[in-house]
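# What the coordinates show
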Amino acid sequence: MSNPPASSSSSRVTFAYLTHRNLGTVKKLNSVLFPIKYSDKFYQDIIAPEVEDFCQLIYYNDVPVGNICCRLENKDLYLMTMGVLAPYRSKQLGSQALKRVIKAAASHSKPKIRRIYLHVQISNTDAKRFYERHGFKEVGIKDGYYKKIMPRDAWILERIIESDDKQDQEKPQL
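Remember, predicted model here, so these are calculated numbers, not experimental data. (Residues numbered from 1 in each chain as written. Predicted model: local features only at pLDDT ≥ 70, side-chain atom pairs only at ≥ 80, totals over all residues. Heavy atoms only, no water.)

Right, let's talk about the overall build of the protein for a bit. Within the protein one finds 4 helices and 8 strands. Beginning at the N terminus, the succession of helices and strands in the protein can be written as β-β-α-α-β-β-β-α-β-α-β-β. The buried share among the 174 residues of the protein stands at 47%. Expressed as a percentage of contacts within the protein between residues at least 6 apart in sequence, the contacts between residues at least 24 apart total 60%. (Helix = DSSP H or I, 4+ residues; strand = E, 2+ residues; numbered from the N terminus. Buried < 20%, exposed > 50% of the residue type's maximum accessible area, 1.4 Å probe, protein only. Contact = heavy atoms within 4.5 Å.)

Listed below in C-alpha cells is the structure:
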C-alpha cells in the first residue's frame, strides 16, 4: 500500500502513511527525537493497515521532519510517540499532525474511539502544555513509567473524543 503524501492546509506541510518503505526514516527520526530505543515489534505494529490514519510521517518542504504514531486499544487510541525535529518546531507541524489524528479518531467507527490518551515525562512541561492546548487533560501520574530515563514518572493525559469533534474543525487562516 503506497500512498502519496496528503497535503495539509499549508502547501509546505504534507503527511504520509507509514509503510515498510519509509520505516527506516521513522527509525532514524525516532533515534534523534526520543531517548528510548523502540523494538522491532513497535515498528511492525505502526505499519499495520488498521492504524494507517493514526501513524504518519510529517514532511516540511518534502523533507521528513517528524512523525506521529498511535495504537488502538479497544475503544481507546494510545498516542505512543509524536515528535518534530527541533529546527522545525513552532511551525504548527505537531499541531497539524495531532489535529489530523483527532479528526481521524472522531470519524473512526469500528471501533468507535472514545478517547485518546498518552504519557508525558513529568519534566517535559512544554509537551504537557502543548497537549493541554489541544484539549487534553491530566488524569493522573504513573509512577515509574519510564525504566531507563529520569525522571521515571509520567503524567497521563487524555482527551475525550466526540464523534463530530467540533473543537478541531479547521479554522480559516486570516
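From this point on, the discussion continues.
Let's shift gears to the nonpolar core. Looking at soluble globular proteins, one finds that nonpolar side chains tend to be buried together. Counting 53 residues, the largest nonpolar core has Ile-46, Leu-79, Leu-98, Ile-116 and Tyr-131 as the members making the most contacts within it. Ranked by residue count, the leading element in this core is helix α3 (residues 93-107), at 8 residues. If we ignore the near neighbours within four places in the chain, the residues touching Tyr-131 are Leu-79, Met-82, Leu-98, Leu-118, Val-120, Phe-136 and Leu-157. (Core = buried A, V, L, I, M, F, W, Y, C linked by side-chain atoms within 4.5 Å.)

The next point concerns the side chain of Lys-128. Among the secondary structure elements, Lys-128 is positioned in helix α4 (residues 125-133). On the basis of relative accessibility, which here comes to 14%, the residue Lys-128 falls in the buried class. When sequence neighbours within four positions are dropped, the list of residues in contact with Lys-128 reads Val-120, Glu-138, Trp-155 and Leu-157.

Further remarks concern the environment of Ala-16. Following the sequence through the fold, Ala-16 ends up in strand β2 (residues 13-17). Distance in space between the C-alpha atoms of Ala-16 and Pro-64 is 9.6 Å, their sequence separation being 48 residues.

On to the layout of surface pockets. Roughly 1,400 Å³ of volume is contained in the largest pocket. Taken together, 41 residues make up the lining of the largest pocket; nearest its centre are Phe-34, Met-82, Gly-83, Asn-124 and Tyr-131. Counting only elements with at least two residues in the lining of the largest pocket, the list comes to α2 (40-45), β5 (76-84), α3, β6 (115-121) and α4. Per element, the largest residue contribution to the lining of the largest pocket is 7 residues, and it comes from β5. Looking at the lining of the largest pocket residue by residue, the class counts come to 21 nonpolar, 10 polar and 10 charged. (1 Å grid on protein atoms, 1.4 Å probe; cavity = no way out; pocket = protein on both sides within 12 Å on 5 of 7 lines; lining within 4 Å. Points joined across faces, edges and corners; volume = space filled by probe spheres on them. Nonpolar A, V, L, I, M, F, W, Y, C, P; charged D, E, K, R; others polar.)

In summary, the side chains of a regular strand alternate between the two faces of the sheet. Here β6 lies mainly inside the structure; 7 of its 7 residues are buried. With burial as the criterion, each face of β6 is covered, one bearing Arg-115, Tyr-117, His-119 and Gln-121 and the other bearing Ile-116, Leu-118 and Val-120. Direction of pairing for β5 relative to β6: parallel, over a ladder of 3 bridges. Across the sheet, residue Tyr-78 finds its bridge partner in β6, namely Tyr-117. Between β5 and its parallel partner β6, the chain crosses via α3, and the hand of that crossover is right-handed. (Pairing = 2+ DSSP bridges. Right-handed = clockwise from strand over helix to strand, strands pointing away.)

Our next topic: the side chain of Glu-158. Here Glu-158 shows up in strand β8 (residues 154-160). Within the local environment of Glu-158, its side chain forms a polar contact with the side chain of Arg-115, the two groups lying 2.6 Å apart. When residues no more than four places from it in sequence are discounted, the contact partners of Glu-158 are Arg-115, Ile-116, Tyr-117, Gly-135, Phe-136, Lys-137 and Val-139. (Polar contact = N/O pair within 3.5 Å; in protein donor to acceptor, adjacent residues only side chain to side chain.)

All right, on to unusual backbone geometry then. With omega at 0°, the peptide bond leading from Lys-110 into Pro-111 counts as cis. Structurally, Pro-111 can be placed in the loop between α3 and β6. That bond from Met-150 to Pro-151 is cis: its omega, -10°, falls within 30 degrees of zero. Within the secondary structure, Pro-151 sits in the loop between β7 (137-142) and β8. In this structure, Asn-61 is a non-glycine residue whose phi angle is positive, near 50°. For Asn-61, the location among the structural elements is in the loop between β3 (56-60) and β4 (63-73). For Asn-61, a relative accessible area of 43% translates into the label partly exposed. If you check the backbone angles, Asp-62 has positive phi at about 70° while not being a glycine.

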